[in-house]
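A closer look at the structure
The primary structure of each chain is shown beneath.
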Amino acid sequence: MSDNPRARKVADRIHEVIATRLERGLRDPRLGFVTITEVRVTGDLQHASIFYTVYGTDDERADSAAALKAATGMLRTEVGKNLNTRLTPTIEFIADGVPENAAAIENLLREARERDARTEEEAKSAQYAGDEDPYVKPREADDDE
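So, here is what we can say about the structure in this document.

Rules used in this analysis
- Residue numbering note: each chain is counted from 1, following its sequence as written.
- For a predicted model such as this one, the threshold for reporting local features is a pLDDT of at least 70, and the threshold for listing and counting side-chain atom pairs is 80 or more; totals across whole chains, interfaces and linings nevertheless cover every residue.
- No hydrogens and no water enter the side-chain calculation; it runs on all heavy atoms of the structure.
- Only buried residues count toward a nonpolar core. Its members are Ala, Val, Leu, Ile, Met, Phe, Trp, Tyr and Cys residues joined through side-chain atoms within 4.5 Å.
- Burial status follows relative accessibility: with a 1.4 Å probe on protein chains alone, a residue under 20% of its type maximum counts as buried, one over 50% as exposed, and anything between as partly exposed.
- Numbering of helices and strands runs from the N terminus; a helix is a DSSP stretch of H or I covering at least four residues, while a strand is a stretch of E covering at least two.
- When checking whether two residues touch, look at their non-hydrogen atoms; a contact exists if any pair is within 4.5 Å.
- One less than the residue count of a helix, multiplied by 1.5 Å, gives the span that helix is expected to have.
- Note that the arc is defined by the directions from the helix axis to the C-beta atoms.
- Only strands joined by at least two bridges in the DSSP assignment are considered to pair.
- In this description, a line fitted to the C-alpha atoms serves as the axis of each element, helices being fitted only across the stretch in contact, and the angle between N-to-C directions of two axes falls anywhere from 0 to 180 degrees.

Side note on the nonpolar core
Side chains of a nonpolar character, in soluble globular proteins, are inclined to be buried together. Ile14 and Ile18 are the most contacted members of the largest nonpolar core, which has 26 residues in total. Those elements giving two or more residues to this core turn out to be helix 1 (5-24), strand 1 (33-41), strand 2 (47-55), helix 2 (58-70), helix 3 (72-82) and strand 3 (90-95). Of all the elements, helix 1 adds the most residues to this core, at 7 residues. Contact partners of Ile14, with chain neighbours within four places excluded, come to Val39, Val41, Ala48, Ile50, Val79, Leu83 and Pro89.

Given below as C-alpha cells:
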C-alpha cells in the first residue's frame, strides 16, 4: 500500500465492511473461521488485496478460499455500497502466511536454544588446544651478561 492517506482510509473502510459481512455470515457452508488480517489498496484506489487467515486444517483452508473466491462479486458489491468513491475497487483474497511463518520461526528459535544449550554443556568440559597462555612473553634477561 502506498503512503497515500486516502488509500489508507479506503483500506481501513474495506477491512471494516468485509469483516462485518463475514461476521454476519455467508450462505456458503465451506466458509470456516476467517479473520481479515490486512487490506492493501493501490494508490489509484483501483485494486484491493485482502489478506486473511483461516483457523483449521488444510482442507478447511482450501474450502474457505473457494468460498471467498465464489463470494468475491457479492463482497465487492457490498464494498461499493459502503465506499464513497467513484469506482469500486476490484478485490482479491490472499491467504496470509503469517501463522505458518510464525510457527516456522518459533521452531527455528527452539532449535537455536537447544544448540546453544548443547554448546554450553560442551564448553564446560572443554580444554585448551595448546598452552593455557598462548601469548608470547618477553624473554627474561640472563644474569650472565
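Picking up after the structure, the text goes on.
A short note on the environment of Ala129
Mapped onto the fold, Ala129 is located in the segment after helix 4 (98-124). Overall, Ala129 belongs to the exposed group, its relative accessible area being 88%.

Quick word on helix 2
An α-helical turn contains 3.6 residues, so any two residues separated by three or four positions project in the same direction. For helix 2, spanning 13 residues, the distance from its first C-alpha to its last is 18 Å, which sits close to the expected 18 Å at 1.5 Å a residue. Looking only at helix 2, the buried set comprises Ser64, Ala67 and Leu68. Down the axis of helix 2, the smallest arc covering the buried residues is 95 degrees, so these residues share one side. For helix 2, exposure combined with an orientation more than 90 degrees from the buried face picks out Asp58, Asp59, Lys69 and Ala70. Where helix 2 is buried, its residues touch helix 1, strand 1, strand 2, helix 3 and strand 3.

Section: helix 3
Within helix 3 the residues assigned to the buried category are Thr72, Leu75, Glu78 and Val79. Viewed along the axis of helix 3, the buried residues span an arc of 125 degrees, placing them on a single side of the element. Along its buried surface, helix 3 packs onto helix 1, helix 2 and strand 3.

Observations regarding unusual backbone geometry
Trans peptide bonds make up the majority, and among non-glycine residues the majority have a negative phi. One non-glycine residue with positive phi stands out, namely Leu45, at about 60 degrees. With respect to the secondary-structure elements, Leu45 resides in the loop between strand 1 and strand 2.

Considerations on the side chain of Thr53
In this fold, Thr53 is placed in strand 2. Here Thr53 falls in the buried class, since its relative accessible area comes to 16%. Setting aside anything within four residues of it in sequence, one finds Thr53 in contact with Phe33, Val34, Thr35, Thr37, Asp96 and Pro99.

Remarks on the sheet that holds strand 3
Spatially, 3 strands are ordered 1-2-3 in an open sheet, and the strand pairing comes out mixed. With partners counted over all chains shown, the strands left at the sheet margins are strand 1 and strand 3, one partner each. Each strand of the sheet is rotated relative to its neighbour by a mean of 30 degrees, with strand direction disregarded. With 8 bridges joining them, strand 1 and strand 2 adopt antiparallel strand pairing. Note on strand 2: the bridge partner recorded for Arg40 is Ser49. Across the sheet, helix 2 touches strand 1, strand 2 and strand 3, and the angle it forms with strand 2 is around 150 degrees.

These figures come from the coordinates and say nothing about function on their own.
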